[in-house]
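# Chain and residue survey
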Amino acid sequence: MPEEISHIVDSKLICYHCGEECPDDTYKLNDNVFCCNGCKTVYEMLKSNDLCDYYAYEETPGLKKSEPVRNYSYLDDPELQEKLIDFTDGTITTITFFIPQMHCSSCIWILENLYKFNPGIIESKADFLKKKVSIKYAPDKILLSKVVELLDSIGYEPSLNLEAEEKEVSSDHTKKLYYKIGIAGFCFGNIMLLSFPEYLSIVDQVTDDIKQIFSFLNLLLALPVFFYSSSEYFSSAYKGLKRKFINIDVPIAIGISILFFRSLIEVILQTGVGYFDSLAGLVFFLLIGRLFQNKTYDTLNFERNYKSYFPIAVTITKNSNEKTIPLDKLRVGQRLVIKNNELIPTDSVLIKGTANIDYSFVTGEAAPVERKNGDLIYAGGKQIGGLIELETVKEVSQSYLTELWNDKVFTDKKESRTTSLANMVSKYFTFIVLAIAAATAVYWLLNDPAITFNAVTAILIIACPCALALSTPFTLGNTMRIFGRNKFYVKNAAAVENLANIDTIIFDKTGTITDADKAEIKYEGEDLSDEQKSIIKSLVKNSSHPLSRKIFNFLEAIPDKSITDFMEIPGKGLQAFIDDKLIKLGSEGFINPDAPINPTGITTQVFVSINGRVTGCFKFFNSYRKSLKQVLANISNKYSLSVLSGDNPSEKERLKKIFPDRTEMKFNQSPHDKLNYISTLQSKNKNTLMIGDGLNDAGALAKSDVGISISENVNNFSPACDSILDSNSFDMLPAFISFAKLSKKIIIASFIISFLYNLVGLFFAVQGLLSPLIAAILMPLSSISVVVFTSFTTTAFAKMKGLL
Amino acid sequence: MMVIVVLISASLLVAIGFLAAFLWAVKSGQYDDKYTPAVRILFDDKKKNNETEKDINSEEKK
């Protein structure tokens, strides 16, 4: 039996936990091979708690556990805990964690069986779509730090941050909408049922008693629709009027109230049955439209600020005593300890150690920069390499990076600068309807005053722009869904409408139009022989530095040399002996100590020396996204373009070749410069679209009319923006913009359809002939035809444009 | 004819019952997560599952 297993294992060693290929079977337990000690430890832990069913639901469900379990003792700080937990009564505490690693049914299973690890955990419940787990535990039996430690030790490290739970508000809002739709739908159905005798003109056969009972029942059913379900339209109309602005909800509110009061009067005076069926139907359809428009992406967050990316606690040292404190307690002048791969939370001066800072998080530039003792290091960088000590010089919220969030772009609620189409139309619409009503009133007062009331109210009822109000949510809602399928996630319908209006497109450079994973490499110097190439490739094979990886992919040779005395000096370079020759690869200063240090070197370079002789250097250029040229070809004659880069102008010449001549290019732009650039354009009445990726674009993204954040992994990283675009869909950008414009045209077309219905209705209404039956047919019919028209055309056009 | 009133009120009461059930379902959070419960129901009871797992394993090994 053992032979058989080892045979299977020999062909390909697959980690039982995470499914990655294992180099050998060093880590082996119960006939299962693991790729690393981390995975094996997780397995052992599950095994000892009899939870190996984890591996039964999915094959290799785990994620590679490369980082050791961290120390979470800072979480036991009561002040910090108060901010994190949902609820506590002293004996039971509930807390919700965001677990980005959740990806399969095994994950759900293990996260819901946490209580088997520790009796202090009472219950845990996973929400797969939101990637959240809420845990109930007894704080007197298990500390919060131990709960998080447990999650980390089984490979589900929660992402901890102190951002306010804005999502909760939206979920409450959705719930309310469900209530309102439920009630409106219920009343609508029943009112229709009770109105059937009226529809079928069998009134004569129905006794007056019953007719009266039915109409009172209808009135009763209409009450919750009028007072509860439609309340939002009244409050929105009121808000609009208070700001002297007629939005689409004003004519709707007028229509709804006239419908209700006229029907009320008719029923009470027993002169008719009223239009309660139209009222309930109208509100029901409008609410459905709202639901359709409220497409939300559970795991995406469009409101993130720097706090989501910063740790919630940092390690400080005082008299060589290390202590972990919550980030908001960090003050100026404290001594920070930053370990490998940790983020520097505030501007500080390097005191001890070799800093090698990766600013990819801020600028998108992947190559780390070296800093020396006494240098100022800006917040947002990640230390790569050994431990460093820093002294803070600014408060976290006042650093070069985070200061951006004090700008009023982030504190004020973003308001669209352009009025939405529906609101613009409804202004004229309302005035025209009121004018027709007034004219009708005058005419009937002179000719037949008895009809005046009927005719005027009928006009206001039939003119209620339900079809108008429905066309926008259905068109834009459908457009958002189509975009979502193509990995372009838009925050709300208003953003789609703004996208249709843009005339200026501003690109960030690094990470947005360049491909972060790739770089173009040029070798300059003596030609390398195949032998030398092989030597260099063997050397870089041992390093995980991004530049080493790129050189490794660049060289065409077989890395078959055996190396000895390998050394990697963070921030400097690599060295090793190969065939008794000393090979050095790294910065100019590392290769040749006498060379002048040139920290602001324009292009990134890696020098090679073999046995003390410099043979040449590798130069790194940005690699632009493959689809960039094609994208630019599509948009360059329709929009004015700009490029804003935080980088030096080394790429200017290359960019000029790719971008059209008129393109404005700015380099060395700080986050604030980018924001101001957008403001200047907006003051010139330009509708701007900003496309960026890093935190340094956050201000510009928030300020621009539409901010698109490009992301390699949409769940990972995105500063506050209107929409998130998966980088794989970058080539479809022109299609998205033109489709947004098309959606606007579809909305206009559906406006025309709804006006035609209104004209028919008005024809009856001005004559005082609008019977409840005609209203009950016309109003739903116009709504349904608009919904069908918009859904059909958006889908058809999306298919034509290859978006579906 | 009064029988129709009785019937209508009976049917309305039933319908209100369903409306109440719907509102309760929304309130209790059944619409918050539309995915996880569908997976959760497929998890077997601990003991049973272990045995079947062993059976399958031993069969495979044979």
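Residues numbered from 1 in each chain as written. Chains lettered and ligands numbered in written order. Predicted model: local features only at pLDDT ≥ 70, side-chain atom pairs only at ≥ 80, totals over all residues. Heavy atoms only, no water.

### As for the pattern of salt bridges
All names here are of chain A. Counted under the stated rule, the structure contains 17 salt bridges over all chains. Residues Lys-674 and Asp-508 are paired through a salt bridge, measuring 2.8 Å at the closest nitrogen-oxygen approach. Within this pair, whereas Lys-674 is found in helix H23 (residues 671–683), its partner Asp-508 is found in strand S17 (residues 504–508), the two being separated by 166 residues in sequence. One exposure class covers both Lys-674 and Asp-508, and it is buried. Two residues, Lys-674 and Asp-697, come together in a salt bridge whose shortest N-O distance is 2.6 Å. In this pair, Lys-674 is assigned in helix H23 and Asp-697 in the loop between strand S26 (688–692) and helix H24 (698–703), connecting sequence segments 23 residues apart. Using a relative accessible area of 0% as the deciding quantity, one classes Lys-674 as buried. What you see here is one network of salt bridges that share partners, running through Lys-180, Glu-232, Asp-249 and Arg-290. (Salt bridge = Lys/Arg side-chain N within 4 Å of Asp/Glu carboxyl O. Helix = DSSP H or I, 4+ residues; strand = E, 2+ residues; numbered from the N terminus. Buried < 20%, exposed > 50% of the residue type's maximum accessible area, 1.4 Å probe, protein only.)

### With respect to the sheet that holds strand S5 (residues 121–127) of chain A
All names here are of chain A. What the 4 strands build is an open sheet, ordered S3-S4-S6-S5; its pairing is antiparallel. Edge positions in the open sheet fall to strand S3 (87–88) and S5, since each of these has one partner strand only. The pairing of S5 with strand S6 (residues 132–137) spans 6 bridges and is antiparallel. Among the inter-strand pairings, Ile-121 is bridged to a residue of S6, identified as Tyr-137. Across the sheet, helix H5 (residues 105–112) lies against S5 and S6, angled at about 160° from S5, the strand it touches most. Taken strand by strand, helix H6 (residues 144–153) contacts strand S4 (93–98), S5 and S6, and its axis lies near 35° from that of S4. (Pairing = 2+ DSSP bridges. Contact = heavy atoms within 4.5 Å. Axes fitted to C-alpha atoms, helices over the stretch in contact; angles between N-to-C directions.)

### Side note on the domain arrangement of chain A
Segmentation of chain A into domains returns domain 1 (2–57), domain 2 (73–162), domain 3 (168–294), domain 4 (476–514 + 626–741) and domain 5 (516–624). Averaged C-alpha coordinates put domain 1 of chain A and domain 4 of chain A at centres separated by 45 Å. (Domains from an automatic or database assignment.)

### Some points on helix H25 (residues 733–766) of chain A
Under the 1.5 Å per step criterion, the end-to-end length of H25 of chain A is 49 Å for 34 residues, consistent within 8% with the ideal 50 Å. Following H25 of chain A by one or two positions, Gly-768 of chain A adopts a phi angle in the positive range, close to 75°. (Expected span 1.5 Å × (residues − 1).)

### Comments concerning the packing of aromatic side chains
All names here are of chain A. For the structure shown, the criterion picks out 33 aromatic pairs over all chains. When the ring of Phe-227 is compared with that of Phe-260, the centres are 5.9 Å apart and the planes differ by 80°; the resulting orientation is edge-to-face. One end of the pair, Phe-227, is in helix H8 (residues 208–229); the other, Phe-260, is in helix H10 (residues 249–269), and 33 residues separate them in sequence. Grouping aromatic residues by their ring pairs yields a cluster made of Phe-226, Phe-227, Phe-234, Phe-260, Phe-261 and Phe-276. Over the ring of Phe-292 we find Arg-481; its NZ or CZ atom is 4.2 Å from the centre of that ring. (Phe/Tyr/Trp six-rings, centres within 6.5 Å; stacked < 30°, edge-to-face > 60°. Lys NZ or Arg CZ within 6 Å of the ring centre and 35° of its normal.)

### Here we look at the interface of chain A and chain B
Residue-level contacts link 31 residues of chain A with 29 residues of chain B. Interface area for chain A against chain B, summed over the two sides, is near 2800 Å², with a carbon-plus-sulfur share of 69%. If you sort the residues of chain A by the area they bury against chain B, Tyr-178, Tyr-179 and Phe-186 of chain A come out on top, with a joint share of 19%. Counting across the interface, chain A meets chain B through 2 salt bridges. Ionic pairing is found between Glu-112 of chain A and Arg-40 of chain B, a salt bridge with its closest N-O pair at 2.7 Å. Remark: the boundary between chain A and chain B carries 5 residue pairs in polar contact (both at pLDDT 80 or more). For the side of chain A that touches chain B, the elements supplying multiple residues, two or more each, are helix H3 (54–57), H5, S5, helix H7 (166–199) and H8 of chain A. With 8 residues, H7 of chain A is the largest single contributor of residues to the side of chain A that touches chain B. Here the side of chain A that touches chain B is built from residues that sort into 19 nonpolar, 4 polar and 8 charged. (Buried area = accessible area lost by both parts, 1.4 Å probe. Polar contact = N/O pair within 3.5 Å; in protein donor to acceptor, adjacent residues only side chain to side chain. Nonpolar A, V, L, I, M, F, W, Y, C, P; charged D, E, K, R; others polar.)

### Re the sheet that holds strand S12 (residues 369–371) of chain A
All names here are of chain A. Strands sit in the order S12-S11-S14 across an open sheet of 3 strands; the sheet is antiparallel. Each edge of the open sheet carries a strand with a single partner, namely S12 and strand S14 (382–383). Two elements, strand S11 (residues 355–358) and S14, share 2 bridges in a ladder whose sense is antiparallel. Each residue of the ladder has a partner; that of Asp-358, found in S14, is Lys-382.

### Digging into the nonpolar core
Residue and element names in this part refer to chain A. In terms of nonpolar packing, the biggest core is built from 110 residues, with Phe-483, Ile-505, Phe-507, Phe-659, Leu-689, Phe-730 and Leu-733 touching the most fellow members. Top element by residues in this core is H25. It accounts for 10 residues. The two domains that each donate at least three residues to this core are domain 3 (168–294) and domain 4 (476–514 + 626–741). Excluding anything up to four places from it in sequence, Leu-733 contacts Phe-507, Val-631, Ile-691, Ile-708 and Leu-725. (Core = buried A, V, L, I, M, F, W, Y, C linked by side-chain atoms within 4.5 Å.)

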